[in-house]
Amino acid sequence: MKKEMTKRVACGFVALSLAMTSLLGQNYTGEITHEDQRFEAVVGDWQNFYGSAVAVDGNWAVVGEHNKWRGGDSGDAHVGAVHFFERTPRGWVERQTVTPLDANRSDQFGRPVAISGDTAVVGVPNHDNGAISTGAVYVYTLANGVWSQTQKLEVRPHSSGFGLGIGLHGDSLIVGAPGDSLVAHWWGIAYAYERIAGTWTLVQVIQPEGFRPDLYSDLHFGYQVSLHGDLAMISTWDRDGHPGWTFGYGRQVVAYERIAGVWVQKEVIGDPAPFDPNSGAYDFGISTALSDGVLAVGAPRPSGFYPRNGKVSVFERQVDGSWLSTQELESSQP
């Protein structure tokens, strides 16, 4: 019965990613009213979380299955896998499924994925490289129709959760490590890379400004990362909120701009319209999408335990570089 269920599990995240790509890019012309194609796991366990992370660029889509077991139900649990799909005249066709040879039990390879051109990156936030859950990022490159691992990125042992948030665009990559405790307990940090002569090289360590570690621990900066051109968004996941805010459970998105090769913090963006001002934006920033001066921020539980559906807040970049809230998207279904 369990196996039969898995054959019918639909990958809603895949359809959502394709839709958001059109919405934030140049292809969206009206209401999305139909589903073009559905990606489904051929076999597996419903707890594999096939479709938990997706990314698309051009004719390629990447689908994460971060809880996939290696070797079946009796093998290594939650190693993870990533599936590559190509758009063809016959529709989207799966070309490859990859899991690195050095993947470990409970690594969750594929929890976040990103793709830009002929490069794909896969986050493995629980990868063990000598310390528990330090994390890693695997880089794959497309050549002659085949995706091959070309690099593995790791950082110092105290950067727990490295790879949970990843943003990729062209020759730029930002990786979040929200469990890093260098500044304070689970404070978080982000790492900026540039592809130089074909090799991804660390060029900057990014730390948030304006948050006091003596007052607000567990910031989890780097939980989510979006990157497009010289603009980047990095989410926090703090428990108490930004200093000076009147509500708790604060989650924010920190806006960055690359100026003369350096990522500079420009603004801290919060929920523009919390359903309950006393409980704040409980999940604001758990997902983000950025393209051409438009930012979409998801809040699936927008105000703690307030009985409302989630929402998406849309922001647009203004001439002065600031971000203005322009629309709140909510489901029409109860």
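What you see is a predicted model, and the numbers here were worked out from it, not measured in a lab. (Residues numbered from 1 in each chain as written. Predicted model: local features only at pLDDT ≥ 70, side-chain atom pairs only at ≥ 80, totals over all residues. Heavy atoms only, no water.)

**Let's talk about the layout of surface pockets**
Once rolled over the atoms, a probe with the size of a water molecule shows which space is left empty. A volume near 170 Å³ is recorded for the second largest pocket. As for the second largest pocket, its lining consists of 12 residues, and the residues nearest its centre are Asn126, Ser160, Gly161, Leu164 and Gly179. The class makeup of the residues in the lining of the second largest pocket is five nonpolar, six polar and one charged. (1 Å grid on protein atoms, 1.4 Å probe; cavity = no way out; pocket = protein on both sides within 12 Å on 5 of 7 lines; lining within 4 Å. Points joined across faces, edges and corners; volume = space filled by probe spheres on them. Nonpolar A, V, L, I, M, F, W, Y, C, P; charged D, E, K, R; others polar.)

**So, the confidence of the model for the protein chain**
Across the protein chain, the average pLDDT comes to 77, with 66% of residues at or above 70. A low-confidence stretch, residues 1-34 stays under pLDDT 50, and its non-local contacts, those more than four residues away or across chains, total 45 contacts. Note on residues 240-249: pLDDT under 50 across the span, and 34 contacts to partners over four residues away in sequence or across chains. (pLDDT = per-residue confidence, 0-100. Contact = heavy atoms within 4.5 Å.)

**Digging into the pairing of strand S16 (residues 262-269)**
Regular strands place side chains that alternate from one sheet face to the opposite one. Where strand S15 (residues 253-259) meets S16, seven bridges bridge the pair, whose relative direction is antiparallel. By the bridge assignment for S16, Tyr256 is matched with Gln265. Between S15 and S16, which follow one another and run antiparallel, lie two residues, and Ala260 among them has a positive phi close to 55 degrees. (Pairing = 2+ DSSP bridges. Helix = DSSP H or I, 4+ residues; strand = E, 2+ residues; numbered from the N terminus.)

**Some words on the sheet that holds strand S11 (residues 189-196)**
Strand pairing in a sheet relies on backbone hydrogen bonds, with the paired strands running either antiparallel or parallel. Spatially, four strands are ordered S9-S10-S11-S12 in an open sheet, and the strand pairing comes out antiparallel. This sheet does not close on itself; its edge strands, each paired only once, are strand S9 (165-169) and strand S12 (199-206). Adjacent strand axes in the sheet meet at a mean angle of 20 degrees when their direction is disregarded. Inspection of the sheet shows strand S10 (residues 172-177) paired to S11 by six bridges, in the antiparallel sense. Among the inter-strand pairings, Ser172 is bridged to a residue of S11, identified as Glu194. (Axes fitted to C-alpha atoms, helices over the stretch in contact; angles between N-to-C directions.)

**Topic: the packing of aromatic side chains**
Counted under the stated rule, the structure contains eight aromatic pairs. Consider the rings of Phe84 and Trp147, whose centres lie 4.7 Å apart with planes at 10 degrees: the pair is stacked. Of this pair, Phe84 sits in strand S3 (residues 81-88) while Trp147 sits in strand S8 (residues 146-153); the two residues are 63 residues apart in sequence, bridging distant segments of the chain. Relative accessible area serves as the criterion here: at 0%, Phe84 is assigned to the buried category. Taking the centre distance of 5.6 Å and the plane angle of 75 degrees together, the rings of Phe162 and Tyr191 count as edge-to-face. (Phe/Tyr/Trp six-rings, centres within 6.5 Å; stacked < 30°, edge-to-face > 60°. Buried < 20%, exposed > 50% of the residue type's maximum accessible area, 1.4 Å probe, protein only.)

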